[in-house]
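Remarks on the overall topology
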Amino acid sequence: TNWCNQGPITLKQTKTHADNIVIRYHFFVDLSGMHHSSKLFSIDIDLKTLQPSNVTDELEPGDFSLNDKLIPENITKSYDVALEELKQQSEEMKNQFVEKANSSFKSDFQLFCSRYDSEMTELDDSINEKEENSEYRFDTVKKIENLEKEKSTLVENIQNKHQIIINYELIAVEIILF
């Protein structure tokens, strides 16, 4: 069933159900950048209490009408609660991913700084050795200026290379009578 063309929504029920409704949101969490990590999460929200729930009973296809069971103003609220719950449940995954990305960035940045510092020291030493030759000094100063420009570009490239993208995507919804 496509509900208002917003994505796949299926009706399910437990074998021994009361008159309670839970909306089970299925999210795909995708973390990408230099590394990649993804995971599916299912979040159950009780439509009456707007609290996270956990329906563990076996489900079968639902044969009930939504009209008299849904509380329309709570549907959006339940989605907001599900997003907050998703963020809490995926926090450790996100933190590990960010930590790994930061470590990788730090390593690349240190390598870059080491190379850059080495080249600058070489040019400084070269200037000091041949200070009397003004033409050589002018060429070396130009090399330093070019190296500074290159540094800016490379730092930006390193930052872009290590950029982190976090995507929470709702992929399906089940409305469960339990």
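A brief report on the enclosed structure follows. None of the values given here were measured: they were computed from a predicted structure. (Residues numbered from 1 in each chain as written. Predicted model: local features only at pLDDT ≥ 70, side-chain atom pairs only at ≥ 80, totals over all residues. Heavy atoms only, no water.)

1. Examining the overall build of the protein
Looking only at helices and strands, the protein features three helices and six strands. Element order for the protein, N to C, with α for helix and β for strand: β-β-β-β-β-α-α-α-β. When burial is assessed residue by residue, the protein has 30% of its 178 residues classed as buried. Contacts in the protein between residues at least 24 apart in sequence constitute 78% of all its contacts with a sequence separation of at least 6. A total of about 11,600 Å² of accessible surface is found on the protein, and carbon and sulfur atoms cover 47% of it. (Helix = DSSP H or I, 4+ residues; strand = E, 2+ residues; numbered from the N terminus. Buried < 20%, exposed > 50% of the residue type's maximum accessible area, 1.4 Å probe, protein only. Contact = heavy atoms within 4.5 Å. Areas by Shrake-Rupley, 256 points an atom, 1.4 Å probe, with all protein chains shown as cover.)

2. Here's the deal with the packing of aromatic side chains
Scanning all chains against the criterion turns up six aromatic pairs. Site record: aromatic cluster; members linked through ring pairs are Phe105, Phe109, Phe112 and Tyr116. (Phe/Tyr/Trp six-rings, centres within 6.5 Å; stacked < 30°, edge-to-face > 60°.)

3. Some points on empty space enclosed by the protein
Inspection of the entire model under this criterion finds one cavity of 30 Å³ or more. In this structure, the largest cavity occupies an estimated 30 Å³ of space. What lines the largest cavity is simply Phe112, Arg115, Tyr116, Glu119, Leu147, Glu150, Lys151 and Leu154. Broken down by secondary-structure element, the contributors of at least two residues to the lining of the largest cavity are helix H2 (91-129) and helix H3 (134-161). (1 Å grid on protein atoms, 1.4 Å probe; cavity = no way out; pocket = protein on both sides within 12 Å on 5 of 7 lines; lining within 4 Å. Points joined across faces, edges and corners; volume = space filled by probe spheres on them.)

It is worth stressing that arrangement in space is one thing and function is another; only the former is reported here.
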